[in-house]
Amino acid sequence: IHCYMASDVYGIPYEEFYAAWKDDKHPKHDDYAKLRTNIKGTSFGVPYGAGAECVSNSTGLPLDAASDLITRFFAKARILKAWLDRQRVGALVFGYSSSLKGRKRFYRIPTMRAECDAQTLEKKAEAKKIREKRVSKIEREAGNQPIQASCVDLLKPAMVKIYLALRGGSWTGELIHDAHVILTVHDEIVVEARED
């Protein structure tokens, strides 16, 4: 997936890109591996609210190059961009965002009251800056929450099914294959089992 996105964003035919990336002896391997890493960092970061500074830190790109990469990424991922924009606007309009199963996260939307009540231009500017920072945080969380919460909506039932399967379908059944669920990590369910 990351090779495909990198080939698309950077305008390199996919077959050429993938072949060079896969073959560590290929003269373009290192260059394409770096491009793939850049896209991977962007793909994972931007939907969760990462901006140019974060992409720059994760990829090692200069800030202006990271900003350009995000622009190029969204030019290829227009549906994702539109969805994220809808989530951000919806959170500010309705005061919450939702997972696929309908679980809601509510936000305290900042008002302009502090700006209106401020007595000096400096206090008004400071209050505006604080409000804009809070709005920006809500917008990032509004893109992140539906993704993360929907993953949890899918992961928890899967974990229960695995737990039951490892116990022969019963909550109190004996362990089959000497394997049991340990924990979850993001989108993974960790199961400890005998090596065989």
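Residues numbered from 1 in each chain as written. Predicted model: local features only at pLDDT ≥ 70, side-chain atom pairs only at ≥ 80, totals over all residues. Heavy atoms only, no water.

Peer 1: Can you walk me through a negative patch on the surface in this structure?
Peer 2: The grouping of Asp 23, Asp 24, Asp 30 and Asp 31 at the surface amounts to a negative patch. Within the secondary structure, Asp 23 sits in the loop between α2 (14-22) and α3 (29-45). Asp 23 sits in the partly exposed class, given a relative accessible area of 36%. (Patch = residues over 30% accessible without salt bridge, like charges linked within 9 Å, V, L, I, M, F, W, Y side chains within 5 Å. Areas by Shrake-Rupley, 256 points an atom, 1.4 Å probe, with all protein chains shown as cover. Salt bridge = Lys/Arg side-chain N within 4 Å of Asp/Glu carboxyl O. Lys, Arg positive; Asp, Glu negative; His and termini not counted. Charge placed at Lys NZ, Arg CZ, Asp CG, Glu CD. Helix = DSSP H or I, 4+ residues; strand = E, 2+ residues; numbered from the N terminus. Buried < 20%, exposed > 50% of the residue type's maximum accessible area, 1.4 Å probe, protein only.)

Peer 1: What am I meant to see in the environment of Ala 125 here?
Peer 2: Examined against the element boundaries, Ala 125 turns out to sit in helix α8 (residues 121-166). Using a relative accessible area of 47% as the deciding quantity, one classes Ala 125 as partly exposed. Measuring from C-alpha to C-alpha, the distance between Ala 125 and Glu 115 comes to 7.5 Å, with ten residues separating the pair along the chain.

Peer 1: Just to check I follow, could you spell out the side chain of Gln 87 for this structure?
Peer 2: Its location among the elements puts Gln 87 in helix α6 (residues 78-94). For Gln 87, a relative accessible area of 17% translates into the label buried. If near-sequence neighbours (up to four positions away) are discounted, Gln 87 is found in contact with Ala 142, Gly 143 and Pro 146. (Contact = heavy atoms within 4.5 Å.)

Peer 1: When you look at the packing of aromatic side chains in this model, what are you seeing that I'm missing?
Peer 2: By the definition in use, this model includes eight aromatic pairs. When the centroid spacing of 6.4 Å and the interplanar angle of 40° are considered together, the rings of Phe 94 and Tyr 96 count as tilted. For Phe 94, a relative accessible area of 59% corresponds to the exposed category. Ring centres of Tyr 96 and Phe 106 lie 5.6 Å apart, and the angle between their planes is 55°; on these two criteria the pair is classed as tilted. Of this pair, Tyr 96 sits in strand β1 (residues 96-98) while Phe 106 sits in strand β2 (residues 104-106); the two residues are ten residues apart in sequence, bridging distant segments of the chain. (Phe/Tyr/Trp six-rings, centres within 6.5 Å; stacked < 30°, edge-to-face > 60°.)

Peer 1: Honestly, helix α1 (residues 2-10) in this entry has me stumped. Any pointers?
Peer 2: One turn of the α-helix equals 3.6 residues, which is why residues spaced by three or four share an orientation. Counting buried positions over the nine residues of α1 gives seven, a clear majority of the element. Regarding α1, the residues found buried are His 2, Cys 3, Met 5, Ala 6, Ser 7, Val 9 and Tyr 10. Those residues of α1 that are buried lie in contact with α2, α3 and α5 (63-76). At the C-terminal side of α1, Gly 11 shows a positive phi close to 70°.

Peer 1: Just checking my understanding: could you explain the pattern of salt bridges for this structure?
Peer 2: When the charged atoms of two side chains with opposite charge come close together, those side chains can pair. In this structure the tally under the stated criterion is eleven salt bridges. The salt bridge partner of Arg 72 is Asp 68, with a shortest N-O separation of 3.9 Å. Of the two residues, Arg 72 and Asp 68 both sit in helix α5, four residues apart, roughly one turn of that helix. On the accessibility criterion, Arg 72 (31% relative accessible area) is partly exposed. Residues Glu 141 and Lys 137 are paired through a salt bridge, measuring 3.4 Å at the closest nitrogen-oxygen approach. Taken together, the residues span about one helical turn, with Glu 141 and Lys 137 both in helix α8 at a distance of four residues. The class for Lys 137 is partly exposed, based on a relative accessible area of 45%. Each member of the salt-bridge network shares a partner with another, and the members are Lys 81, Asp 85 and Arg 88.

Peer 1: Before we go on, may I ask you to explain the nonpolar core in this structure?
Peer 2: Most often, soluble globular proteins have nonpolar side chains that are buried together. Ranked by size, the top nonpolar core spans 21 residues in total, and within it Tyr 10, Phe 17 and Ile 39 carry the most contacts. Among all residues touching Tyr 10, those that are not within four sequence positions of it are Leu 35, Asn 38, Ile 39, Leu 69 and Arg 72. (Core = buried A, V, L, I, M, F, W, Y, C linked by side-chain atoms within 4.5 Å.)

Peer 1: Which parts of the structure should I look at to understand α6?
Peer 2: Between the first and last C-alpha of α6 there are 24 Å, a value that for 17 residues agrees with the 24 Å anticipated at 1.5 Å per step. When α6 is considered as a whole, its buried residues turn out to be Leu 84, Gln 87, Arg 88, Gly 90 and Ala 91. Within α6, the buried residues cover an arc of 165° as seen down the axis, which keeps them to one side. More than 90 degrees from the buried face of α6, the exposed residues found are Arg 78, Ile 79, Arg 86, Val 89, Val 93 and Phe 94. Residues of α6 that are buried sit in contact with α5, β1 and α8. Gly 95 sits one or two positions beyond α6 and adopts a positive phi of about 85°. (Expected span 1.5 Å × (residues − 1). Arc of directions from axis to C-beta.)

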